[in-house]
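Fold and geometry: a report
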Amino acid sequence: MNLLRPDYIAQSLQEINLNILRQNGIQGIILDLDNTIIAWDSPRMQPEIVDWIKELLQQRYRICLLSNNMTQRVKHIADMLGVPYVPRACKPSKAGFRQAIAVLQLKPSEIAVVGDQLFTDVLGGNRLDLFTVWVAPLSANEFIGTKITRKIEKLTIRLLKARGLLK
Ligand SMILES: [Mg+2]
């Protein structure tokens, strides 16, 4: 149960308080792609999200994209942003996260995972003791599989709250 608990929750990327990341010693970010930085059915990123990522890079955060999606889509976005990437990650499996950690060349304690799904991003990040940040998904228009996952996520959040594990 605790493995599904995010360390930090934000309504959007822009609302992530960078002071909290800094206070936790975070220097690198493993960033999910679909529905975190781009709507899963969209070819284009919102300019304010591109700006947010550029700002992080300017502040010397290291960023690596980690996505379960196909190489081509991930590479396209990563190249546009000028950041490294790990595609076909099979999150929440540890292998992809380990690859991203190696790319960032940081200790796990210095890395945050930012993503929209409890069962891939947060679970995978927690399994490797990374600082996990759960953000609201960009698009409500999702695969059926993800829709079912969302329902389970809502239930999980209610349970975590009921047990006092989440504010
Ligand atoms: Mg996602």
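Residues numbered from 1 in each chain as written. Predicted model: local features only at pLDDT ≥ 70, side-chain atom pairs only at ≥ 80, totals over all residues. Heavy atoms only, no water.

Per an unreviewed UniProt entry, the recorded name for the protein is YqeG family HAD IIIA-type phosphatase, and the organism is Dendrosporobacter quercicolus.

1. Focus on the pattern of salt bridges
Pairing between side chains becomes possible if they bear opposite charge and their charged atoms approach one another. Selection criterion: We define a salt bridge as a side-chain nitrogen of Lys or Arg found within 4 Å of a carboxyl oxygen belonging to Asp or Glu. Helix and strand assignments follow DSSP, with helices taken as H or I runs no shorter than four residues and strands as E runs no shorter than two, numbered in order from the N terminus. Here the term buried applies to any residue with accessible area under 20% of the maximum for its type, exposed to any over 50%, and partly exposed to those in between, with areas from a 1.4 Å probe on protein chains only.
In the structure shown here, the tally under the stated rule is 7 salt bridges. A salt bridge links D32 to K91; the nearest nitrogen and oxygen atoms lie 2.8 Å apart. Placement of D32 in the loop between β2 (28-31) and α2 (47-58) and of K91 in the loop between β4 (85-86) and α4 (94-104) is noted, with a sequence separation of 59 residues between them. Look at K91 and you get buried, because its relative accessible area is 7%. When the shortest N-O distance is used, the salt bridge between R73 and D34 registers 2.8 Å. Of this pair, R73 sits in helix α3 (residues 71-81) while D34 sits in the loop between β2 and α2; the two residues are 39 residues apart in sequence, bridging distant segments of the chain. With a relative accessible area of 17%, D34 lands in the buried category. Through salt bridges that share partners, D32, K91 and D121 make up one connected network.

2. Some details on the nonpolar core
Stated precisely, the cut-off is as follows: By nonpolar core is meant a set of buried Ala, Val, Leu, Ile, Met, Phe, Trp, Tyr and Cys residues that side-chain atoms within 4.5 Å join together. Contacts are assigned to residue pairs that have any heavy atoms within 4.5 Å of one another.
Counting residues in each nonpolar core, the largest one holds 31 residues, and the members touching the most others are I16, L21 and I37. For this core, the secondary-structure elements that each account for two or more residues are β1 (8-10), α1 (18-23), β2, α2, β3 (62-66), α3, β5 (111-115) and β6 (131-135). In terms of residue count, α2 provides more of this core than any other element does, 5 residues in total. When sequence neighbours within four positions are dropped, the list of residues in contact with I16 reads Y8, A10, L21, W52, V114, V133 and V135.

3. A closer look at the coordination of the magnesium ion
For a metal bound by four donors in a tetrahedral arrangement, the ideal donor-metal-donor angle is 109.5 degrees, while six donors in an octahedral arrangement ideally sit at 90 or 180 degrees. The following threshold applies: Only nitrogen, oxygen and sulfur atoms qualify as donors, provided they sit within 2.8 Å of the metal or within 3.2 Å for Na, K and Ca; with water excluded from the atoms, sites may seem incomplete.
The protein atoms donating to the magnesium ion are D32 (OD), D34 (O) and D116 (OD), with metal-donor distances spanning 2.1 to 2.2 Å. As a motif over one chain, the donors of the magnesium ion read D-x1-D-x81-D. One end of the pair, D32, is in the loop between β2 and α2; the other, D116, is in the loop between β5 and α5 (118-127), with 84 residues separating them in the sequence. Since its relative accessible area comes to 7%, D32 is described here as buried. Its relative accessible area of 1% is what places D116 among the buried residues.

4. Brief notes about unusual backbone geometry
What is expected of a backbone is that most residues other than glycine have negative phi and most peptide bonds are trans. That bond from K91 to P92 is cis: its omega, 15 degrees, falls within 30 degrees of zero. Relative to the helices and strands, P92 is located in the loop between β4 and α4. Notably, N35 is not glycine yet its phi reads approximately 70 degrees, a positive angle. Here N35 lies in the loop between β2 and α2. The phi dihedral of D129 falls on the positive side, at around 65 degrees, and the residue is not glycine.

5. A look at α3
To be explicit about the condition: Think of the arc as the fan of directions from the helix axis to the C-beta atoms.
Buried within α3 are the following residues: R73, V74, I77, A78 and L81. What you see down the axis of α3 is that its buried residues fit within an arc of 120 degrees, all on one side. The exposed set on the far side of α3, more than 90 degrees from its buried face, consists of Q72 and H76. Elements in contact with the buried residues of α3: α2, β3 and β4.

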